[in-house]
Amino acid sequence: MRDARIFCTNLAGLRAQALGLAEAAGLQPDLHTVRPRAPWSWLPPSLWPDPRRMLPPEATLIAPPGLVIGCGGAGCRVAAAMRAPGVRAVAVQHPRMPATRFDLIVAARHDGITGPNVIVTRTALHRATPARLAAHAAAWSPTFAALPRPLVAVLLGGSNGRYRLSLATARRLAAQLAAMMDQDHVGLILTPSRRTAPKVLAVFREALAPRGAWVWDGAGDNPYFAMLGLADLIVVTADSVSMVSEAVATSAPVLLARLPGKSARIGAFMAALAQDGRVRDFAGRFEHWDVTPVDDTATAAAEMLHRLDL
């Protein structure tokens, strides 16, 4: 199996996108985390004199394979610096530098970049393949077997630079979910993300667990992929492009739990999916409508192999 060296910062969403692309292309991913140290950590990646110096020493001692993939601003800078005769460089997301620095760019439509070497997808790339979801669903199905049906999966994000999941917002959303359990008699499974504050998660646990909801406590394996595979409906906070992209790749309808805040880029992403009829806003009740999975990861991977003649 051919290798693909991957560069990105230590963010789960970035790792998922780059790994998803490599795996869908049948490549063996070799992941390296970009960890800038002071004084470079104080500066944006565009001001780094040599992005390769932001890698751990072992990453620079191994000759690069024929393909390097950078995801996010920092990872793309490193991938561009690694590009050489015989070494193709692929950027995932808008690289915020000239497109000519890459052999190929794979970016979602809300990134707003087009060009002869750009592949545009409807959502972020990810690893939520049908096979992976089915395998995880089979493994976790006994755990959730006693819960009422239909089954609602809740994916919680958290505060970031653009949106806030405060205690007050958490209480409002938890009350809506509790009302849905009471009125629509649904089963509910919930998993937090790394950005979900412990106090925020406690609000949901206190409101939902007494009603029979299953709330992941962070111990052991995360049932995230199993929840995606088993859910009849998915409720996801609208702060994360990655989580929503994974949710809409399933066959379940997706409801967005809006959070206070604003991002033109993330807002455009959510609006496009709503216009496509793939998502709706969560209004505190169970909803169901016919949907088609939205997933361009495999298509983008096949196009990458074709264009780069790999």
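Preceding this paragraph is the structure being described.
Residues numbered from 1 in each chain as written. Predicted model: local features only at pLDDT ≥ 70, side-chain atom pairs only at ≥ 80, totals over all residues. Heavy atoms only, no water.

A. Representation of the sheet that holds strand 9 (residues 214-215) in the model. A sheet is described by the order of its strands in space; here 6 strands give the open sequence 9-8-7-10-11-12, paired in parallel fashion. Edge strands, defined here as strands with exactly one partner in the open sheet, are strand 9 and strand 12 (279-281). In the packing of helix 6 (residues 198-208) onto the sheet, contacts are made with strand 8 (187-191) and strand 9, and the angle to strand 8 comes to roughly 165°. (Pairing = 2+ DSSP bridges. Helix = DSSP H or I, 4+ residues; strand = E, 2+ residues; numbered from the N terminus. Contact = heavy atoms within 4.5 Å. Axes fitted to C-alpha atoms, helices over the stretch in contact; angles between N-to-C directions.)

B. Highlighting the packing of helix 1 (residues 12-24) against helix 10 (residues 297-308). Two numbers describe how helix 1 lies on helix 10: the axes approach to 8 Å, and their chain directions differ by 65°. Crossing geometry of helix 1 relative to helix 10 is assigned as right-handed. For the pair helix 1 and helix 10, the contacting residues are Gly-20, Leu-21 and Ala-24 in the first and Thr-297, Ala-298, Ala-300, Ala-301 and Met-304 in the second. When its residues are assigned to classes, the contact of helix 1 with helix 10 shows 6 nonpolar, 2 polar and no charged. (Left-handed = near helix turned anticlockwise from the far one by under 90°. Nonpolar A, V, L, I, M, F, W, Y, C, P; charged D, E, K, R; others polar.)

C. Layout of the pairing of strand 1 (residues 3-8). Burial runs high along strand 1: 5 of the 6 residues are buried. Of the pairings in the sheet, the one linking strand 1 to strand 2 (residues 28-33) comprises 6 bridges and is parallel in character. By the bridge assignment, Cys-8 is partnered in strand 2 with Thr-33. For the handedness criterion, the β-α-β arrangement of strand 1, helix 1 and strand 2 is classed as right-handed. Sheet analysis places strand 1 next to strand 3 (residues 67-71), joined by 3 bridges and oriented parallel. Across the sheet, the residue bridging to Ile-6 is Ile-69, located in strand 3. (Buried < 20%, exposed > 50% of the residue type's maximum accessible area, 1.4 Å probe, protein only. Right-handed = clockwise from strand over helix to strand, strands pointing away.)

D. Molecular detail of the pairing of strand 4 (residues 88-92). Burial analysis of strand 4 places 4 of its 5 residues in the buried class, which makes it a mostly covered element. Taken together, the 5 bridges between strand 3 and strand 4 define a ladder with parallel strand orientation. Within strand 4, the residue paired with Leu-67 across the bridge is Arg-88. Pairing of strand 4 with strand 5 (residues 104-108), which is carried by 3 bridges, proceeds in the parallel orientation. Residue Ala-91 lies in a different strand from strand 5, and its bridge partner there is Ile-105.

E. Structural detail: the sheet that holds strand 1. Reading across the sheet, the 6 strands line up as 2-1-3-4-5-6 and stay open at both edges, with parallel pairing between neighbours. Because the sheet does not close on itself, it has two edges, and the strands there are strand 2 and strand 6 (118-121). Direction aside, neighbouring strands of the sheet carry axes that sit 20° apart on average. Contacts from helix 3 (residues 72-82) reach strand 1, strand 3 and strand 4, with the element oriented near 155° to strand 3. Against the sheet, helix 10 makes contact with strand 3, strand 4, strand 5 and strand 6, and its axis sits at roughly 170° relative to strand 6, the strand it touches most.

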